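# Observations on chain architecture
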Amino acid sequence: MSQHTPSSSPPETVFTYAAPALKFGRGAAAEIGYDVRGWGARRVLLVTDPGVAAVGHAARVAEGLASYEIAVTVFDRARVEPTDQSLIEAVGFARAEGPFDAVVAVGGGSAIDTAKAVALLVTNPGELMDYVNAPVGKARAPEQPVLPLVAVPTTTGTGSESTTICVMDVLALKVKTGISHAALRPRMAVVDPALSATQPGGVTAAAGMDILCHALESYTARWYADYPAKRPEQRVPYCGSNPIADLWSERALGLLAGAFRDAVRGEDPAAAEQMALAATFAGLGFGNAGVHIPHACAYPIAGRVRDFRPAGYPDHEHGEAVEVAAGAEPIVPHGMAVALTAPAAFRFTFDAAPSGT
């Protein structure tokens, strides 16, 4: 993708790639109990949000876990677009109700990110802000292994089931930031298109734009060999565009082009499956290459929202999902926040490699 830029330091010659175990297909969510039981887990915390709980997805996953004699405790108050306060609430619940052997997240990226924070903080000392990225937090690294996490996405876009990032709004500072560490990557991603097929059209549209930006940004990220050489301890999960990540991004873009419009209209079950596959592929790409300008710009857009209320997203004040904007709490869905600046960002970056090499 990129051409080497001369540097006074020796260029990087190594790239890294990591991904969770993946189970994909209709009915995959029914098999989670088998896999978790194989890890030796006997007591599981299931993390979900009110909207996903209302349509029954979380209950069906809990039933599947119970069929393998796994005790399940449900936390169903994950917030769409998590905040520091919502994550602290989830961690407090898990610490009080535990110990647990594993965490299962059923929901969109917000529920998965909430589960990542829980998996980290029930096994490690300190509080949430100790682990949040600097300079907002202390960027503390985990000292103990985090609980194994199964991520079961019910939306098609965030890629959180593949990544090492937990994103949140820090309310007092009106900023969006997160926790980033390789230990946060889920042990297994279970992508069942039957779950995401029920998401509202507006959610499909916003999440689909997130897929688009994940794939394009990782594909056009700085080439890994354009960085100065690193020592082993300096390596980070997002190492730059590389040959393996590029393959996933290319395929994600192709799938998205063929399925996006039909998936938003909700007229074709096959389109929902293709969107789920596109989201998975994009996550496997950007989860290693990283993203750039549109995602950086999305953080202040989402962090400083005032009165925008998107249709199809939960009303946190009343604890229920709504299909219309009226009454919902102000949020800018992540995919929408990313897409707002994407056209200008890609016009700006195009000249870096106009031939696409």
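How each quantity is defined
Residues numbered from 1 in each chain as written. Predicted model: local features only at pLDDT ≥ 70, side-chain atom pairs only at ≥ 80, totals over all residues. Heavy atoms only, no water. Phe/Tyr/Trp six-rings, centres within 6.5 Å; stacked < 30°, edge-to-face > 60°. Lys NZ or Arg CZ within 6 Å of the ring centre and 35° of its normal. Core = buried A, V, L, I, M, F, W, Y, C linked by side-chain atoms within 4.5 Å. Buried < 20%, exposed > 50% of the residue type's maximum accessible area, 1.4 Å probe, protein only. Helix = DSSP H or I, 4+ residues; strand = E, 2+ residues; numbered from the N terminus. Contact = heavy atoms within 4.5 Å. Salt bridge = Lys/Arg side-chain N within 4 Å of Asp/Glu carboxyl O.

### Details of the packing of aromatic side chains
Each aromatic ring pair is characterised by the separation of its centres together with the angle its planes make. Within the structure shown, the criterion is met by 5 aromatic pairs. Joined through ring pairs, the aromatic side chains of Phe-15, Trp-223 and Tyr-224 make up one cluster. Geometry around Trp-39 places Arg-187 over its ring, the cationic atom sitting 4.7 Å from the centre. Against the face of Tyr-227 rests Arg-222, its NZ or CZ located 4.3 Å from the ring centre.

### Quick look at the nonpolar core
Across soluble globular proteins, nonpolar side chains have a tendency to be buried as a group. Membership of the largest hydrophobic core comes to 32 residues, with the highest contact counts inside it found for Leu-45, Val-103, Leu-128, Met-168 and Ile-179. Sorting the residues of this core by element identifies β2 (43–47), α4 (84–97), β4 (102–107), α5 (109–121), α6 (128–131), β5 (149–153) and β6 (165–170) as the ones contributing at least two each. Apart from residues lying up to four places away in sequence, Leu-45 is in contact with Thr-73, Phe-75, Phe-93, Ala-94, Phe-100, Ala-102, Val-103, Val-104 and Val-118.

### Some details on the pattern of salt bridges
A full pass over the atoms with the stated rule returns 14 salt bridges. Among the ionic pairs, Glu-31 bridges to Lys-23, the shortest N-O distance being 2.9 Å. Residues Arg-231 and Glu-233 are paired through a salt bridge, measuring 2.7 Å at the closest nitrogen-oxygen approach. The class for Arg-231 is partly exposed, based on a relative accessible area of 47%. In this structure Glu-233 comes out as exposed when scored by relative accessible area, which is 56%.

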